[in-house]
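Notes for the structure review
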Amino acid sequence: MTAAAPGGAGTPRRRGRPARTEAGSGPGARERILAAARAEFAARGYDRASIRAIAKGADVDPALVHHYYGPKEQIFAAAIETDFAPALEAPGVIQAGGPDALGERLTRFILGVWENPATREQLLAIVRSAVANETAAAVFRDLVTRRLMTRIAGELDVPDAKLRSELAAAQLVGVAMLRYVIKVEPLASADLEQVVAMVAPAVQRHLAGDGAQERA
């Protein structure tokens, strides 16, 4: 029997990592990987998401995902930083005015991010992953501490600024969890303005204290 010619139908397929062109690398590959990761984590959560599925969604080789982003927890960090970006603008809200209405401004801003259907879905996906997996929780905690709480504390002119910023965050996170994640009634259906009016004074006390006496 005559052997198959090189490159013909009888040539065994080479094993191993596909060539770069076959792996889908090139312009836009990094962005496709991040978009695929965001979709995968949102749909399946941290535990069930996989590098292989992310690579498939981005039409790249799994090795390219590792090349750009490293292990799973690092690409999760990149994905949630993108999804959490609207909330990371909160320190700018503090800079936008004086201390007297600080609690109302921050409360309105954070709950407004949750009220937006587009950003709410992203936040829900992050929270579900963080609640279900300690690695995901640690990644999220680092992001919140480094990119949000430390910056908010840096804007406060009161004693114990870091503790105060965390207490204010606890107040707002608790409201968000009950209203948007667990959906406890009547809070889940309450008018946003009513919620802001009732929550903002507590946030104000955490962030600004008792005014001049606290800053003395």
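This write-up is about the structure you can find in this document. Here the residue numbers are simple positions, counted from 1 along each chain's written sequence. Since the coordinates come from a predicted model, pLDDT governs what is reported: local features require at least 70, and pairs of side-chain atoms require 80 or more to be given and counted, while whole-chain, interface and lining totals use all residues. Derived side-chain values reflect all non-hydrogen atoms in the structure, with water molecules and hydrogen atoms excluded from consideration.

**Notes on the overall build of the protein**
Looking only at helices and strands, one finds 11 helices and 0 strands in the protein. By the criteria applied, helices consist of DSSP H or I runs no shorter than four residues and strands consist of E runs no shorter than two, each listed in order from the N terminus. Secondary structure of the protein in N-to-C order comes out as α-α-α-α-α-α-α-α-α-α-α. Three labels apply to residues, based on accessible area from a 1.4 Å probe with only protein chains included: buried if under 20% of the type maximum, exposed if over 50%, partly exposed otherwise in between. Residues classed as buried in the protein amount to 39% of the 216 residues present. The contact definition used throughout considers only heavy atoms, calling two residues in contact when any of these lie within 4.5 Å. Across the protein, contacts joining residues at least 24 apart in sequence account for 66% of those joining residues at least 6 apart.

**A few points about the pattern of salt bridges**
Salt-bridge detection follows one rule: a side-chain nitrogen of Lys or Arg within 4 Å of a carboxyl oxygen of Asp or Glu. Tallied over the entire structure, the rule returns 9 salt bridges. Between glutamate 193 and arginine 108 there is a salt bridge, and its shortest N-O distance comes to 2.6 Å. Here glutamate 193, found in helix H10 (residues 192-208), pairs with arginine 108, found in helix H6 (residues 102-115); they are 85 residues apart in sequence, far enough to count as distant. Overall, glutamate 193 belongs to the partly exposed group, its relative accessible area being 43%. The salt bridge involving aspartate 142 is made with arginine 146; its shortest N-O contact spans 3.4 Å. With a gap of 4 residues between them, aspartate 142 and arginine 146 both fall in helix H8 (residues 134-154), about one helical turn apart. On the accessibility criterion, arginine 146 (42% relative accessible area) is partly exposed. The network of salt bridges with shared partners includes Glu104, Arg108 and Glu193.

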